[in-house]
Amino acid sequence: MEGLLAEYTSRIQEQEREIKSLWAEIECLKNPDTHSVSSHLDDLREENAKLKYRVNILKKSLQEEKNKCEKSMININQQLQEVFGQAIQAAYPDLENPVLSVTPNQQPKFGDYQCNSAMAIAQMLKSKGQKIAPRDIAENIVRNIPVNDWIQKMEIAGPGFINVHLKREMISKNLTNLLLNGVQPPPVGPRKRVVIDFSSPNIAKEMHVGHLRSTIIGESMSRLFEFLGHDVLRLNHVGDWGTQFGMLIAHLQEKFPNYLTVSPPIGDLQAFYKESKTRFDNEEEFKKRAYQCVVKLQSKEPDFIKAWNLICDVSRKEFQKVYDCLDITLIERGESFYQDMMTDVVKEFEEKGLVEVDDGRKVVFPPGCSIPLTIEKSDGGYTYDTSDLAALKQRIFDEKADIIIYVTDSGQAVHFQLVFAAAQKIGWYDPKITRVEHAGFGVVLGEDKKKFKTRSGDTVRLMDLLEEGLKRCMDKLKEKERDKVLTPEELNAAQKAVAFGCIKYADLSHNRINDYVFSFDKMLDDRGNTAAYLLYAFTRIRSIARLANIEESALRKAAENCVVVLDHEKEWKLGKCILRFPEILQKIVDDLLLHTLSDYLYELATTFTEFYDNCYCVEKDRQTGEVVKVNMWRMLLCEATASVMAKGFDILGLKPVQRM
């Protein structure tokens, strides 16, 4: 935006010089040609006025951006990367794309951050025939560090590690900014349109434990991108179309005669679905009738659309029970939404000469792939491949998405790899401009390390799992006698917060790529990296000010007038940890691995405990228990910790409570 402002300002200045020149010409000229000069002058004045108007709008927008940035949390790692990037560019101007590596220092005694670029640069120079010791490279980088607000001092260690010590006043200043303005998102560039496809259960089937991960992970990703200021469209790509509905309706015509006025409940519907599948596989006559029903449904005959809608409505109500428990927000846009677009997709691939015919099927071989996509079956029907291509095209061209993320199990990785490759081949998007990504995840295992099943070997219903979580959580709360100190309303709120929070956190605290073991005992344990521990830690931090009778207004006034002192090593450690929040979020945006946030929140909670055990926030008389002194700068550190934890919980979908 600043570049655009400079360009317009330059053009205005140039035009004003030209206007002055023309005025001089007008004064000199006393002949009939003056009219043409005057006409040119009027055109320039009009364009000049338009440019000035644009400049004023740009100045206003730029000021709003600056005000927003002043309130935003700063990504310290990003700031240091810019500083070191400039230094490396100055030290080695001929080096193309030098490695830039800045990370928090794992050993605080050596510094706060560390730049490890020297060793990689040494290798790059060696490949060009220049042999320079990494330590010498590190010294050259340090010599070229520009003046900046963040670095207090630097030390070179070992073969060429550059240890960075931060300025304490900058950490204190940024903590004050957080306290005054709240946890604001760091600047992340222009607002983007983000489409996240997650949950995606099948109509006429109950949601099971296999849908848990997609639903929880997708919701959390959506919350993250929304917090960062992006325009997020959360899509539920339900399985609501295809041959299975012809089978089901054909079966219902015999077994459930009033299927046109009411749909069976979801449990019966699922049983009917299984029966219809068995008949479809074994009875030729039923198979023919099922196909006839599919044709009538696809032709949108009123009775068949009515039966289909009833089945969908019953399923939606069941899905919504799960979404209400887990606080999930979604827009349903199932496979049926894309049906009318599929013919055009097939036609476009044919026109581009990308279709091959294989045993009557129309297939597309994406570049570098030995497995094809089947975009039309030999009977003229469409497939999941066609549906997903149509959906992707619609999201790129109609939704104008900058980022599209599919949250499904890792078993679909190859399928999406083929779909994305085909979409690039046909020219729908350029991966350098539009980010299209499959965020795959592993399966949920039982404590026997096998796929999570009921004792009878059936798939675990998701509602049964959530209800079991509520029961176990209440048992745990009563075991700790919380029912004796909490009101019924507080006990109910704590039960839901911990039960559903623990189920979500158990998933999100694991690397999504890996399988994870589902264990109620572990997730409800209030020790270690669990939601139960973090929610309790948060409630404890929030209670410190309340028990010391410090009002929110007093904390606000202190934030305006009190410097956050960071002299004690535990204060310094906590202050730095709090301000790492923006770089944690940036890392997740880059790799879509949410366990990084869980790990950070656990680290923040344990760092706070170290601080609280070593630094008195509230000093009391040992005999009377009365408050004799409040160290307000430390209370502000408590408040800043709680604020960041609360925002982290919100992104993960956890709901803290005032009392546990």
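Residues numbered from 1 in each chain as written. Predicted model: local features only at pLDDT ≥ 70, side-chain atom pairs only at ≥ 80, totals over all residues. Heavy atoms only, no water.

By the naming in an unreviewed UniProt entry, the chain goes by Arginine--tRNA ligase, cytoplasmic and is assigned to Erpetoichthys calabaricus. The record held by UniProt for the chain lists under Subcellular location (unreviewed entry) the comment "Cytoplasm, Cytosol". The annotation that UniProt attaches to the chain under Sequence similarities (unreviewed entry) is "Belongs to the class-I aminoacyl-tRNA synthetase family." (UniProt positions renumbered as here; feature names shortened; annotations may be inferred.)

Asks: Help me understand the overall build of the chain, please; the structure alone is not making it clear to me.
Replies: Of regular secondary structure, the chain possesses 23 helices and 16 strands. Taken along the three principal axes of its C-alpha coordinates, the chain extends 100 × 90 × 60 Å. Counting over 660 residues, the chain shows a buried share of 48%. Sequence separation of 24 or more characterises 73% of the internal contacts of the chain that already satisfy a separation of 6 or more. Here the chain has roughly 33,100 Å² of accessible surface; of this, 49% comes from carbon and sulfur atoms. Across the chain, the centroid of the 90 positively charged side chains sits 3 Å from that of the 98 negatively charged ones. (Helix = DSSP H or I, 4+ residues; strand = E, 2+ residues; numbered from the N terminus. Buried < 20%, exposed > 50% of the residue type's maximum accessible area, 1.4 Å probe, protein only. Contact = heavy atoms within 4.5 Å. Areas by Shrake-Rupley, 256 points an atom, 1.4 Å probe, with all protein chains shown as cover. Lys, Arg positive; Asp, Glu negative; His and termini not counted. Charge placed at Lys NZ, Arg CZ, Asp CG, Glu CD.)

Asks: Any chance you could explain the pattern of salt bridges here in plain terms?
Replies: As a working rule, side chains carrying opposite charge can pair if their charged atoms are close by. Considering all chains together, one arrives at 43 salt bridges under this definition. Here Glu-219 ties to Arg-223 by a salt bridge, and the two come within 2.8 Å at their closest N and O atoms. Placement of both Glu-219 and Arg-223 in helix H7 (residues 210–227) is noted, with a separation of 4 residues, approximately one turn of the helix. Each of the two residues, Glu-219 as well as Arg-223, counts as buried. Salt-bridge contacts for Glu-610 lead to Lys-573; the nearest nitrogen and oxygen are separated by 3.1 Å. Placement of the pair is Glu-610 in helix H22 (residues 595–614) and Lys-573 in helix H20 (residues 569–578), with a sequence separation of 37 residues. In this structure, a network of salt bridges that share partners links the residues Glu-219, Arg-223, Glu-226, Arg-234, Asp-327, Lys-647, Asp-650 and Lys-655. (Salt bridge = Lys/Arg side-chain N within 4 Å of Asp/Glu carboxyl O.)

Asks: Explanation requested: the layout of surface pockets in the structure shown.
Replies: If you roll a probe as big as a water molecule over the atoms, it shows you where there is empty space left. For the largest pocket, the calculated volume is near 1,300 Å³. For the lining of the largest pocket, the secondary-structure elements that each account for two or more residues are H7, helix H8 (243–255), helix H9 (266–282), helix H13 (384–397) and helix H14 (413–425). A per-element tally of the lining of the largest pocket places H7 first, with 4 residues. Its boundaries defined by the atoms lining it, the second largest pocket holds a volume of some 910 Å³. Counting residues per element, the ones that place at least two in the lining of the second largest pocket are helix H3 (76–91), strand E1 (102–104), strand E4 (161–166), H20, helix H21 (581–591) and H22. Per-element tally for the lining of the second largest pocket: the top contributor is H20, with 6 residues. Each residue belonging to the lining of the second largest pocket can be placed in one class, and the counts come to 9 nonpolar, 13 polar and 12 charged. (1 Å grid on protein atoms, 1.4 Å probe; cavity = no way out; pocket = protein on both sides within 12 Å on 5 of 7 lines; lining within 4 Å. Points joined across faces, edges and corners; volume = space filled by probe spheres on them. Nonpolar A, V, L, I, M, F, W, Y, C, P; charged D, E, K, R; others polar.)

Asks: What is the right way to look at the sheet that holds E1 in this model?
Replies: Backbone hydrogen bonds hold the strands of a sheet together, and the pairing may be parallel or antiparallel. Spatially, E1-E2-E4-E3 is the arrangement adopted by the 4 strands of the open sheet, whose pairing is antiparallel. The strands lining the two open edges of the sheet, one partner per strand, are E1 and strand E3 (151–157). Sheet twist, expressed as the mean angle between neighbouring strand axes with direction ignored, is 25°. (Pairing = 2+ DSSP bridges. Axes fitted to C-alpha atoms, helices over the stretch in contact; angles between N-to-C directions.)

Asks: Is there a simple way to explain the UniProt feature "domain: Arginyl tRNA synthetase N-terminal" (unreviewed entry) in the chain in this structure?
Replies: Under the local residue numbering, the UniProt record ascribes the feature "domain: Arginyl tRNA synthetase N-terminal" (unreviewed entry) to residues 78–166. Across residues 78–166, helical content stands at 39% and strand content at 21%; the span's end C-alpha atoms are separated by 14 Å.

Asks: Before we go on, may I ask you to explain the pairing of strand E6 (residues 231–236) in this structure?
Replies: Side chains on a regular strand alternate between the two faces of the sheet. Counting buried positions along E6 gives 5 out of 6 residues, so the element sits mostly inside the fold. Examined bridge by bridge, strand E5 (residues 193–197) and E6 share 5 bridges and lie parallel to one another. In the sheet register, Val-195 faces E6, and the bridge partner there is Leu-233. Bridge count between E6 and strand E7 (residues 331–332): 2 bridges; the pairing is parallel. Counterpart to Asn-236 in the pairing with E7 is Glu-332.

Asks: I keep staring at the sheet that holds strand E10 (residues 373–376) and nothing clicks. Help me out?
Replies: The 3 strands lie next to each other as E8-E9-E10, forming an open sheet whose pairing is antiparallel. Edge positions in the sheet fall to strand E8 (356–358) and E10, since each of these pairs with one other strand and no more. Shown here is a sheet whose adjacent strand axes are inclined to one another by a mean of 45°, direction ignored. Where E8 meets strand E9 (residues 361–364), 3 bridges bridge the pair, whose relative direction is antiparallel. Its bridge partner being in E9, Val-357 is matched across the sheet by Lys-362.

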